[in-house]
Amino acid sequence: MNTWLNRLKKATYNTSVMYNIRMIIAFAGTAFVPYFLDQQLMTIPLTLGVVAAGLSDIDDRFSVRIMNLIYTYIGFFVTAASVTLLFPYPIFFAFGLIISCICWILLGSLGRRYATISYGCLVISVYSMLGVHLFDTWYMQPSLLVIGAAWYGLISTISFLLFPVRQVQDKLSQCYSSLGDFLFAKSNLFDVDMTADSYQDSMINLSMENGKLIGIFNDMKTALLTRLKGDRGQRDTRRSLQYYFVAQDIHERADSAHIDYQKLAKIFEHSDILFRFQRILSLQGKACKDLSDSILNRNTYQHNVRFSHAFKNLRQSLDRLRSEQNYDQIWINALFSLYQNLKSIDAQLQNVETERHIKYDQSKQIENQLKDDDLKGWDDIFSRIKQHLTPESVLFRHAIRVSIVLFIGYVFVQITQIEYGYWVLLTALFVSQPNFNATKRRLRLRIIGTLAGIIVGYIILLYVQTLEGQLIILILSGVLFFDLRSKQYAQATAFITILALINFNLDGLGFEAALPRLIDTVIGCAFAWFGVTFIFPDWKFRHLPRTINRSLESQCQYLADVVNQYHHGRNNALNYRIVRRAAHNTDADVASLISTLATEPDFDPTQKTLAFEFLCLNHTFLSYIAALGAHREKIDDIEILNLLDQALDDIKGALLRDEMPDLTAHNMLQTIRLRLNQSDQDSAKALIILQQLSLMFSILKQLSTLKQSLSHERDDQSTELASL
């Protein structure tokens, strides 16, 4: 009995299992309630309502969740009713399609919840076109679509009430899992067989993992913020908040760089020291993965006992290197700083479960604030929308592009009278993404998935001829679509195609709809490709210099805040977290933009090489700042403080104003390094600062040159485009 209870308890902790159970209940209701009422056609809009609601579902606290559902149902009904009423009047319908599409997409500028709701309304608009002929009265299909959505909303809300912090804990688990991936990527930099090419590959991989981690951190912050607004006293939310801050602090230390890794590999290629650092980083990556599993399964995290032995051996190796005096003490001191950083990460992981880390300390409330990005009133609403009313905005270009593609698709359907032609619009809507690379990838997967779905669906209709059997397969197809849609897009497309064929078979048209579905999908993909290639093509509006400047400005602000804390003392107040997050966000933007540009047409190979060089150096520079930030605390050495101020001014001049750096800071570095007594504690702190500033200055000129080269090449391309 206890075994079964434990299995049941474990199943309730499995988010995927619980989500699939929710979807089974939702689709079972839409399939079998009409079956028992002998109104089988109702299954079609009810099921589509569940699909649209599932795509529009968003995690939020209870009160806001209820408001989201109300907004969603109103939007669904108004959209579906407008389609039904305007459908007999093609000119008015086409005009309404363009305007509504632009408005719905631009509504996403107000925030995540509005973007999700607006996307659901767009999906409902095309679903309404597909079923406009099913019912005689204009309000029947809109009402059934809303009822299907409300049925899903009811199940989703009950699930939320039963497990109110499930989404937060899942995102927290993702944070630590991604943090583990980041640490594994960082460990690759300690490869003794590293070459110039492998180093660049490792740095690019590290930058990409950093971008993924920052994106997950941002999602986690949003989930926490809405919970904290709803219930500031909830223990589980406060506990998750502390875990989140620990993850951020580990990331800052893990991302910090105390040394030039390429030189490190050459100098210590015949020593065991690099292997020991690499092993500890790998163990810490595994520890983050274990902590992720513990959070997901609601178990107590157990810190690996092998850490103690690994750190003991690492310290002995470091002491031996220092005593041998065969290496420059600057390198030894840098390795000791790295050792202390890894020890700090170990302490964070070892103590993450203890009460002193999860209790709520009012005296540190200022350190536990999160930046609130919610709307602040009508002025904020107008301001956010206004800033996107320009072709420079990705959202604006996407809105115009999708609206034109849907309009062209509608005109094509009206002229050709192609069978089940509104699948063309549905495909174009699902495939169209804000950038070329994502759209191109979906085109291929959509066609493959549709073809597979048609083949399997045709076989199902051929051999499963009972209505009950087809309804069961409809339920399973819907569940598998939602389970796979964010993991395997082609497979998810196959299952939604099977669901669509079974839906059409309820109207007696399952076999007839198979081939038109494939043809319409190919045509819809062609329209989507045309849109992303020729309508505001994304690469003509990609301002790499602007993204680079934003990143360098954010890094300089981050450095300025770190320097300020060396003057006035360490704190983790909101402002510091904001500037640190901004630096990492913009670094992730650079990585994302460069990786996307590299896959798009007309991207110059020379510029591609320069861009990836900049990507590596940009993240390296951020890592040097992170190391300086990881050791930040108040110091009293006036000479060192002056050096920090002078260095900050030189770095800003070189990176932001394209000025050649003043040699004052460089000369001060040389002078103070000779003066320092390495055995003195204050001198040890100063050595860390000196080492990090030396590293920054060692790549400052190259970073500035790359920035200027990329800016000039982009300016030349812009001039050429303007002259065409």
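Residues numbered from 1 in each chain as written. Predicted model: local features only at pLDDT ≥ 70, side-chain atom pairs only at ≥ 80, totals over all residues. Heavy atoms only, no water.

Summing up its helical and strand segments, the chain has 28 helices and 0 strands in all. Here the chain, with 724 residues, has 55% of them falling under the buried criterion. Long-range contacts, defined as pairs at least 24 residues apart, comprise 82% of the intrachain contacts of the chain with a sequence gap of at least 6. Looking at the chain as shown, the accessible area adds up to about 31,800 Å², and 57% of this sits on carbon and sulfur atoms. (Helix = DSSP H or I, 4+ residues; strand = E, 2+ residues; numbered from the N terminus. Buried < 20%, exposed > 50% of the residue type's maximum accessible area, 1.4 Å probe, protein only. Contact = heavy atoms within 4.5 Å. Areas by Shrake-Rupley, 256 points an atom, 1.4 Å probe, with all protein chains shown as cover.)

Okay, the pattern of salt bridges next. What the rule picks out here adds up to 13 salt bridges. Here Asp181 and Lys289 are joined by a salt bridge, their closest N and O atoms 2.8 Å apart. Here Lys289 lies in helix H12 (residues 273-297) and Asp181 lies in helix H8 (residues 166-187), a separation of 108 residues in the sequence. A relative accessible area of 22% means that Lys289 is categorised as partly exposed. The closest approach of N and O atoms between Arg580 and Asp249, which form a salt bridge, is 3.7 Å. With Arg580 in helix H24 (residues 574-597) and Asp249 in helix H10 (residues 235-255), this residue pair connects regions lying 331 residues apart in the sequence. We classify Arg580 as buried; its relative accessible area is 4%. (Salt bridge = Lys/Arg side-chain N within 4 Å of Asp/Glu carboxyl O.)

Attention shifts here to the confidence of the model for the chain. When pLDDT is averaged along the chain, the result is 84; 88% of the residues meet or exceed 70. Here residues 355-368 scores under 50 on pLDDT; set against residues more than four positions off or in separate chains, the count is 24 contacts. Predicted confidence is poor over residues 714-724, with pLDDT under 50, and the contacts of this stretch with residues over four places away or in other chains come to 8 contacts. (pLDDT = per-residue confidence, 0-100.)

Another point: the packing of aromatic side chains. Counted under the stated rule, the structure contains 25 aromatic pairs. Ring plane angle 25 degrees and centroid distance 5.9 Å describe the contact between Phe190 and Phe277, whose orientation is recorded as stacked. Taken together, the residues span a long stretch of sequence, with Phe190 in the loop between H8 and helix H9 (196-230) and Phe277 in helix H12 at a distance of 87 residues. In this structure Phe190 comes out as buried when scored by relative accessible area, which is 2%. Seen from their ring centres, Tyr244 and Phe245 are 5.7 Å apart, and the 45 degrees between their planes marks the pair as tilted. For Phe245, a relative accessible area of 4% puts it in the buried group. Among the aromatic residues, those joined into a ring-pair cluster are Phe87, Phe93, Tyr410 and Tyr422. Directly above the aromatic system of Phe163 lies the positively charged group of Arg166, at a separation of 4.3 Å from the ring centroid. (Phe/Tyr/Trp six-rings, centres within 6.5 Å; stacked < 30°, edge-to-face > 60°. Lys NZ or Arg CZ within 6 Å of the ring centre and 35° of its normal.)

With that out of the way, let us pick up unusual backbone geometry. Phi is positive for Arg298, close to 60 degrees, though the residue is something other than glycine. As for its position among the elements, Arg298 is in the loop between H12 and helix H13 (306-324). We note that Phe536 has phi near 50 degrees; this positive angle belongs to a residue other than glycine. Structurally, the position occupied by Phe536 is in the loop between helix H22 (510-534) and helix H23 (544-568). Judged by its relative accessible area of 26%, Phe536 falls in the partly exposed class.

What follows covers the nonpolar core. Core analysis: the largest hydrophobic core is formed by 118 residues, its most contacted members being Tyr176 and Phe277. Dropping the residues within four chain positions of it, Tyr176 is found in contact with Tyr243, Val246, Ala247, Cys288, Lys289, Leu291, Ser292, Ile295 and Val352. Counting 90 residues, the second largest nonpolar core, distinct from the first, contains Ala26, Phe32, Leu97 and Phe527. (Core = buried A, V, L, I, M, F, W, Y, C linked by side-chain atoms within 4.5 Å.)

Let's shift gears to the packing of H8 against H10. Remark: H8 packs on H10, axes separated minimally by 11 Å, with the N-to-C direction vectors making an angle of 15 degrees. When the interaxial angle is binned, H8 and H10 end up roughly parallel. Our pair here, H8 against H10, has a crossing hand that is left-handed. Contact residues: H8 offers Val168, Gln169, Leu172, Tyr176, Leu179, Phe182, Leu183 and Lys186, while H10 offers Ser240, Tyr243, Tyr244, Val246, Ala247, Ile250, His251, Ala254 and Asp255. Of the residues belonging to the contact of H8 with H10, the class tally is 12 nonpolar, 3 polar and 2 charged. (Axes fitted to C-alpha atoms, helices over the stretch in contact; angles between N-to-C directions. Parallel < 35°, antiparallel > 145°, perpendicular 65-115°, else oblique. Left-handed = near helix turned anticlockwise from the far one by under 90°. Nonpolar A, V, L, I, M, F, W, Y, C, P; charged D, E, K, R; others polar.)

Let's shift gears to a nonpolar patch on the surface. Together, Leu451, Ile455, Val456, Tyr458, Ile459, Leu462, Tyr463 and Phe511 make up an exposed nonpolar region whose accessible area comes to about 760 Å². Examining the composition of the nonpolar patch, we find that 7 residues originate from one element, helix H19 (residues 436-463), more than from any other. Take Ile455: it is sitting in helix H19. For Ile455, a relative accessible area of 47% puts it in the partly exposed group. (Patch = residues over 30% accessible without salt bridge, like charges linked within 9 Å, V, L, I, M, F, W, Y side chains within 5 Å.)

The next subject is the side chain of His398. Positionally, His398 belongs in helix H17 (residues 394-416). Looking at His398, the relative accessible area reads 12%, which means it is buried. Not counting residues up to four positions away in its chain, the partners in contact with His398 are Ile105, Ser432, Gln433 and Pro434.

What follows deals with the side chain of Ser128. Along the polypeptide, Ser128 turns up in helix H6 (residues 112-130). Here Ser128 falls in the buried class, since its relative accessible area comes to 0%. Apart from the residues within four sequence positions on either side, Ser128 is in contact with Ala80, Val83, Gln141 and Leu145.

Turning our attention to the environment of Ala223. Secondary-structure assignment places Ala223 in helix H9. Along the primary structure Ala223 and Gln169 are separated by 54 residues, whereas in three dimensions their C-alpha atoms are 9.7 Å apart. Apart from residues no more than four positions distant in its own chain, Ala223 is found in contact with Asp59, Val168 and Lys171.

Between its first and last C-alpha, helix H3 (residues 43-55) extends 18 Å over 13 residues, near the 18 Å set by a 1.5 Å rise per residue. Among the 13 residues that make up H3, 13 are buried, leaving the element largely enclosed by the rest of the structure. (Expected span 1.5 Å × (residues − 1).)

So, on to the environment of Ile332. With respect to the helices and strands, the residue Ile332 is situated in helix H14 (residues 329-351). On the basis of relative accessible area, Ile332 is assigned to the buried category, the value being 0%. For the pair Ile332 and Asp319, spaced 13 residues apart in sequence, the C-alpha separation works out to 9.2 Å. Not counting residues within four places of it along the chain, the set of residues in contact with Ile332 comprises Phe268, Leu321, Arg322 and Tyr327.

Turning to helix H18 (residues 422-431), a few remarks are in order. Of all 10 residues in H18, 10 are buried; the element is thus mostly enclosed. Burial in H18 covers these residues: Tyr422, Trp423, Val424, Leu425, Leu426, Thr427, Ala428, Leu429, Phe430 and Val431.

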